[in-house]
Amino acid sequence: QPRRPTSEEPNNVQSVTRLHSLESALEDTLETLVRAEGGQAIDVLEARLRAAVIMEGEIRDRDPNAVVGPITTSIAGTDITNQTTTDFKTFLIQTHREAVDQWIEENPDDDARTELLTRYLDDITVFRRLGLYLLKEHRDHYSNLVAEELLDETNYGDVLTKEDFLRLLRDGIDVLSDEDR
């Protein structure tokens, strides 16, 4: 659970240690957890990520829609993969992305997966970016959703989702008919 730092904490060593322990535990068990609990595990991770985004928005006095995750790269970008994180929100983004990706791979034709993607595409920026990333990764299974996003002209001017949308455009353009291209 994300929390506000207290004035008694001279530094973040204890927080980083706890995050590292959580990171190690999830690294060892995430695949099994998602396989066994599926949607419930996704719901828990989503709720924690949403809480972290809302809290960051409150601390920075910003709308949660302005809390976007890594801004200089895709939500799957190299600035958060394969490194130990000290930022709880970044850790949650990475873990949630991996869990949802695995969950979709297990049964991409399940309606619950489509519903989750559709909901993410119409959510706050962090989840919208996750939705765009997941569409790019699973474009063969969700070609109708990919086409909808690529044909939506508002996506071409959205700065906050630009990196993820452009990757979807680059990799998903083949789902469009010649006429739509």
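Please read these numbers as outputs of a predicted model, since none were measured by experiment.

What counts and what doesn't
Residues numbered from 1 in each chain as written. Predicted model: local features only at pLDDT ≥ 70, side-chain atom pairs only at ≥ 80, totals over all residues. Heavy atoms only, no water. Helix = DSSP H or I, 4+ residues; strand = E, 2+ residues; numbered from the N terminus. Buried < 20%, exposed > 50% of the residue type's maximum accessible area, 1.4 Å probe, protein only. Contact = heavy atoms within 4.5 Å. Areas by Shrake-Rupley, 256 points an atom, 1.4 Å probe, with all protein chains shown as cover. Polar contact = N/O pair within 3.5 Å; in protein donor to acceptor, adjacent residues only side chain to side chain. Salt bridge = Lys/Arg side-chain N within 4 Å of Asp/Glu carboxyl O. Core = buried A, V, L, I, M, F, W, Y, C linked by side-chain atoms within 4.5 Å. Phe/Tyr/Trp six-rings, centres within 6.5 Å; stacked < 30°, edge-to-face > 60°. Lys NZ or Arg CZ within 6 Å of the ring centre and 35° of its normal.

Caption draft 1: Region of interest: the overall build of the chain. Broken down by element type, the chain carries seven helices and zero strands. Each helix (α) and strand (β) of the chain, taken in turn from the N terminus, gives the series α-α-α-α-α-α-α. Within the chain, the proportion of its 181 residues that are buried is 42%. Restricting to contacts in the chain with at least 6 residues of sequence separation, those with at least 24 account for 67%. Of the roughly 10100 Å² of accessible surface on the chain, 46% is carried by carbon and sulfur atoms.

Caption draft 2: Here's a closer look at the side chain of D164. Looking at the secondary structure, you find D164 in helix 7 (residues 162-172). On the basis of relative accessible area, D164 is assigned to the buried category, the value being 2%. There is a polar contact of 2.5 Å between the side chain of D164 and the side chain of R129.

Caption draft 3: Local environment of the pattern of salt bridges. Taken as a whole, this structure holds 14 salt bridges when the rule is applied. Across the pair R35 and E31 runs a salt bridge whose closest N-O atoms are separated by 2.9 Å. Note that R35 and E31 are positioned in helix 1 (residues 13-37) at a spacing of four residues, about one turn of the helix. Judged by its relative accessible area of 49%, R35 is partly exposed. We note a salt bridge from R128 to E149, for which the minimum N-O separation is 2.9 Å. Here R128 is found in helix 5 (residues 125-137), whereas its partner E149 is found in helix 6 (residues 143-151), with 21 residues between them in sequence.

Caption draft 4: Seen up close, the environment of L26. In this fold, L26 is placed in helix 1. Taking relative accessible area as the criterion, L26 reaches 16% and is therefore assigned buried. Placed 69 residues apart in sequence, L26 and T95 show a C-alpha to C-alpha distance of 8.0 Å.

Caption draft 5: Seen up close, unusual backbone geometry. Positive phi, close to 55°, is recorded for D61, a residue that is not glycine. Within the secondary structure, D61 is located in the loop between helix 2 (39-60) and helix 3 (88-106).

Caption draft 6: Representation of the nonpolar core in the model. Counting residues in hydrophobic clusters, the biggest one holds 36 residues, and the most contacted among them are I42, L49, V100, L117, Y120, L134 and L135. Counting residues per element, the ones that place at least two in this core are helix 1, helix 2, helix 3, helix 4 (111-121), helix 5, helix 6 and helix 7. If sequence neighbours within four positions are ignored, L49 has contacts with K89, L92, I93, H96, V126, F127 and L130.

Caption draft 7: Seen up close, the packing of aromatic side chains. As enumerated under the stated definition, the model contains two aromatic pairs in all. Judged by centre distance (5.1 Å) and plane angle (45°), the ring pair of Y120 and F127 falls under tilted. Like F127, Y120 is buried. For the pair Y156 and F165, a centre-to-centre distance of 4.8 Å together with 80° between the ring planes defines the contact as edge-to-face. The exposure class of Y156 is partly exposed, given its relative accessible area of 46%. Sitting over the face of the ring of Y133, R97 holds its NZ or CZ atom 5.7 Å from the ring centroid. Geometry around W103 places R113 over its ring, the cationic atom sitting 4.0 Å from the centre.

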